[in-house]
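Examining the three-dimensional arrangement
Here are the chains, one letter per residue:
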Amino acid sequence: VDAVGFTEVAIPGASSVFNSALNSMSLLVRFTLMLESDLYMVDWDEFEKTWDRLKTLSEEIGLQEDNDDEDGGLSWQELNRQIISVVYACRIEGFIAIRDEYLRRLAKVRRLRFLSHFAEKHPGLQHKAGVPIGGTFVIAYHEPDNQPVRPVPERDRAILREAARRRRDIPEEIEFFEAIEVSERVSVAERFGVRDLFEFGDLLRSRRLDRDEVYDAVIESLPSGAVVADFFLPYLCCSDCPPIQYVINGPQADPQPEPPVLATNVGCTTPNGAATVSISVEGGTSPYQLSINGGALQELPDSLPLAPGTHTLQATDSEGLQSTPVSINVAEILTTSEPTFVEDPAAGTYTASFVINGGTSPYSVSTGVVSNDVVTVGPLNSGATVAVEVADSASCTTSVTITHTVESGCDKPCGGEAVRCRVPAWVPVPSRTRTYVYEAIMAFKIELNDENGHVLVAEDFSQPAMSILGGGQEITGASHNELMTKLMQELSAFIALSIGEDTFIVSYDPDAGGMLLFERYVCHHFSMSITFIVAGGIGARNEEWTYTPEGVHVRQTDGNLEYEIPSFGCINLDKCEDTVGEDCRVKIANIAPDPANGAIALTAGFDPSVDP
């Protein structure tokens with residue numbers, strides 16, 4: 001066991017890495033015990049030895065290799081990493097440099113106290129009754145050794161031994177030894193490498209006359225502060241000691257009393273509509289009084305409740321001195337609004353938002369994003385519950401619990417509401433004797449917009465239409481229905497490539513006298529314009545037909561005829577519920593001629609389920 005109570009230990013049965021870790025800890029404890037608040041008190045020799053032992057231990061551990069049988073989670077690699085961090089963080093060179101600089105400065109300051117050192121630096125020192133103008137007057141006086149004798153610590157001896165290795169100026173140090181306090185002579189003796197004070201005394205006597213003993217007796221009889229001699233230098237000089245300036249002040253006026261200083265701390269506003277304001281006063285003369293908003297003075301409380309708003313507080317001490325008025329602002333109680341929700345039925349999630357009221361901005365939240373006074377949380381899964389803590393800049397808090405269930409909904413446009421309407425085709429079904437041929441389809445444009453006016457489809461279908469209907473083929477009653485059905489199918493498929501199926505459908509109904517059916521969402525708008533030329537049994541026709549949700553606008557391009565045909569026979573659809581409304585078509589059983597008044601009228605016979 002060494003001086004600090006530790007030695008190298010080994011626990012029988014423990015792993016080698018465990019015992020090495022234990023020895024490392026003992027060395028680290030050594031460092032802890034050797035550290036002093038004053039560097040002068042550090043045992044530098046022992047400190048350096050301990051540092052060397054720890055460095056050697058680190059090098060030995062660094063040569064070890066880890067294996068699987070080490071217990072306790074210890075490893076040579078981790079142990080070495082920890083020791084290295086201490087070794088290289090505690091570089092001893094810096095401490096040694098500080099110690100040497102301290103010794104150098106200490107010796108320099110002590111030499112400045114001696115007349116012999118001053119005379120060595122200023123060989124022009126002379127005796128004279130006084131001093132010439134511009135010179136320096138030097139007084140030598142006696143200062144007895146009246147300092148309490150203190151034992152010399154072992155650490156001081158170590159420091160002096162170290163200094164002796166660096167300095168061998170024996171004659172100057174002998175003079176230094178003669179002037180220092182008796183309590184330090186043992187340390188100084190060791191500083192020159194001699195073993196004890198007696199040996200050092202022999203060294204002195206070999207270098208001094210016997211009259212030294214007489215001088216010692218005379219000096220000891222001198223009173224403290226007695227002037228021994230005076231000298232002068234013929235020039236202005238100053239010592240290396242810090243200068244001291246003596247200033248004699250005249251009578252001081254009584255200091256003006258300081259007014260009190262009022263300090264406040266505003267708490268959070270509570271549901272009762274007030275906040276607790278803590279009050280303290282420093283300075284002045286107690287007892288103190290308080291004025292609120294310029295009101296009458298009252299006894300100073302430790303705290304008081306104040307309603308939201310701006311208030312001015314001022315303290316007055318017993319001497320009538322007033323503090324600087326303190327303006328404080330009590331914020332409204334921190335609250336939140338009821339959350340509102342935005343659902344995403346397709347994803348089964350929702351986003352919540354609420355507004356922060358009162359308190360002192362800026363605000364912070366435990367979850368979500370806050371922008372000014374609006375908090376947004378989400379997206380959250382349907383049915384999820386989240387507690388949001390809200391805090392203002394004054395550390396006042398409140399909370400809001402968010403929960404919401406997203407009903408399984410429909411992600412179709414317009415809430416799934418759609419309509420299917422009828423309108424006549426741009427040419428009638430040919431009879432047996434009135435066939436025709438498409439000479440040209442100049443334009444076949446279709447455009448579809450959503451509820452916000454954004455264009456979903458904008459295409460020209462004239463070339464596919466002409467390839468189906470044109471080519472000089474004769475359009476008959478049978479081929480008309482077939483070709484129109486094919487044309488509308490390809491048009492709907494072409495549109496579906498851009499916006500998906502079941503969004504906008506154009507179809508042809510051959511059983512309803514050659515009608516077109518437009519199926520669309522009620523919030524969408526469309527326009528389909530066909531400009532064509534046909535010739536044949538129905539005569540030459542050059543027309544432009546423009547279809548919209550309201551119907552069709554017809555304009556003959558080679559004449560002045562222009563008219564509107566409204567949509568009819570509309571059927572309401574719900575594509576979310578997948579339901580179809582009632583069709584307005586009436587079931588007609590037969591149509592028979594009914595001669596009357598010299599003319600023939602066609603009379604319909606309705607199905608029995610129809611109210612005529």
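Procedures and definitions
- Residues numbered from 1 in each chain as written.
- Predicted model: local features only at pLDDT ≥ 70, side-chain atom pairs only at ≥ 80, totals over all residues.
- Heavy atoms only, no water.
- pLDDT = per-residue confidence, 0-100.
- Contact = heavy atoms within 4.5 Å.
- Axes fitted to C-alpha atoms, helices over the stretch in contact; angles between N-to-C directions.
- Helix = DSSP H or I, 4+ residues; strand = E, 2+ residues; numbered from the N terminus.
- Parallel < 35°, antiparallel > 145°, perpendicular 65-115°, else oblique.
- Left-handed = near helix turned anticlockwise from the far one by under 90°.
- Nonpolar A, V, L, I, M, F, W, Y, C, P; charged D, E, K, R; others polar.
- Disulfide = S-S within 2.5 Å.
- Expected span 1.5 Å × (residues − 1).
- Pairing = 2+ DSSP bridges.
- Polar contact = N/O pair within 3.5 Å; in protein donor to acceptor, adjacent residues only side chain to side chain.
- Salt bridge = Lys/Arg side-chain N within 4 Å of Asp/Glu carboxyl O.
- Buried < 20%, exposed > 50% of the residue type's maximum accessible area, 1.4 Å probe, protein only.

1. Describing the confidence of the model for the protein
- Summary statistics for the protein give a mean pLDDT of 79 and a share of 77% for residues scoring 70 or more.
- Ignoring residues within four places in sequence, the model shows residues 1–6, a span with pLDDT below 50, making ten contacts including any to other chains.
- In the predicted structure, residues 190–200 sits below a pLDDT of 50 and forms 25 contacts with residues beyond four places in sequence or in another chain.

2. Section: the packing of helix α11 (residues 462–469) against helix α12 (residues 477–499)
- It is at 10 Å that the axes of α11 and α12 come closest, and there the two elements cross at 155°. Taken as axis vectors, α11 and α12 run roughly antiparallel relative to one another. The way α11 lies across α12 gives a crossing that is right-handed. Residue-level contacts link A465, I468 and L469 of α11 to L483, K486, L487 and E490 of α12.
- Of the residues in the contact of α11 with α12, the class split is five nonpolar, no polar and two charged.

3. Brief notes about the state of the cysteines
- Within the structure shown, the criterion is met by three disulfides.
- One disulfide in the model links C268 with C396; its S-S distance is 2.0 Å. The sign of the S-S torsion, about -100°, decides the handedness of the disulfide formed by C268 and C396: left-handed. Here C268 is found in strand β3 (residues 261–269), whereas its partner C396 is found in the loop between β16 (385–391) and β17 (397–403), with 128 residues between them in sequence.

4. Some thoughts on the packing of helix α1 (residues 16–34) against helix α2 (residues 44–62)
- Contact geometry for α1 and α2: axes closest at 10 Å, N-to-C directions at 160°. Here α1 is positioned roughly antiparallel relative to α2, judged by the angle of their axes. When you trace α1 past α2, the crossing you get is left-handed. Counted together, S20, N23, S24, L27, L28, R30, F31 and M34 of α1 and E46, F47, T50, W51, R53, L54, L57 and I61 of α2 form the full contact between these two elements.
- Looking at the contact of α1 with α2 residue by residue, the class counts come to nine nonpolar, four polar and three charged.

5. Notes on α12
- An ideal rise of 1.5 Å per residue puts 33 Å on 23 residues; α12 measures up with 33 Å between its terminal C-alpha atoms.
- Each element contacted by the buried residues of α12 is listed here: β19 (436–449), β20 (455–460), α11, β21 (504–509), β22 (515–521) and β23 (525–536).
- A positive backbone phi angle near 90° is found at G500, which sits one or two residues after α12.

6. Details of the pairing of strand β24 (residues 541–548)
- Bridging between β23 and β24 involves seven bridges; their strand directions are antiparallel. What sits directly across from S529, in β24, is T546.
- Where β23 hands over to β24, the hairpin turn is made up of four residues, of which G539 adopts a positive phi near 85°.
- Across six bridges, the pairing between β24 and strand β25 (residues 551–556) is antiparallel. Of the residues in β25, the one forming a bridge with T548 is G551.
- The hairpin turn running from β24 into β25, its antiparallel successor, is two residues long.

7. Notes on the sheet that holds strand β27 (residues 568–574)
- Read from one edge of the open sheet, five strands run β21-β22-β18-β27-β28, paired in antiparallel fashion. In this open sheet, the two edge strands, each paired with only one partner strand, are β21 and β28 (579–580).
- As judged from the seven bridges shared by strand β18 (residues 417–424) and β22, these two strands associate in the antiparallel manner. Residue A418 lies in a different strand from β22, and its bridge partner there is Y521.
- Against the sheet, α12 makes contact with β21 and β22, and its axis sits at roughly 175° relative to β21, the strand it touches most.

8. Notes on the side chain of T435
- Looking at the element boundaries, T435 is found in the loop between β18 and β19.
- In terms of polar contacts, T435 uses its side chain to reach the side chain of E474, at 2.5 Å.
- Apart from residues no more than four positions distant in its own chain, T435 is found in contact with P430, E474, I475, T476, G536, G537 and I538.

9. Digging into the pattern of salt bridges
- Overall, the coordinates contain eight salt bridges when judged by the stated rule.
- In this structure, R105 engages E101 in a salt bridge whose closest nitrogen and oxygen atoms are separated by 2.7 Å. Within this pair, R105 and its partner E101 are both found in helix α4 (residues 92–111), separated by four residues, close to a single helical turn.
- A salt bridge links K575 to E519; the nearest nitrogen and oxygen atoms lie 3.0 Å apart. Here K575, found in the loop between β27 and β28, pairs with E519, found in strand β22; they are 56 residues apart in sequence, far enough to count as distant. Comparing K575 with E519, the two get one shared label, buried.
- Here the salt bridges share partners, and the residues they tie into one network are R420, D502, E519 and K575.

10. So, the pairing of β23
- Relative to β23, β19 runs antiparallel, the two being bridged by twelve bridges. Following the sheet pairing, L448 is matched in β23 by F526.

11. Focus on the side chain of K575
- Exposure remark for K575: the relative accessible area of 11% places this residue in the buried category.
- A polar atom in the side chain of K575 sits 2.9 Å from the backbone oxygen of D502.
- Discounting residues that sit within four places of it in the chain, K575 has contacts with K412, G416, A418, D502, E519 and Y521.

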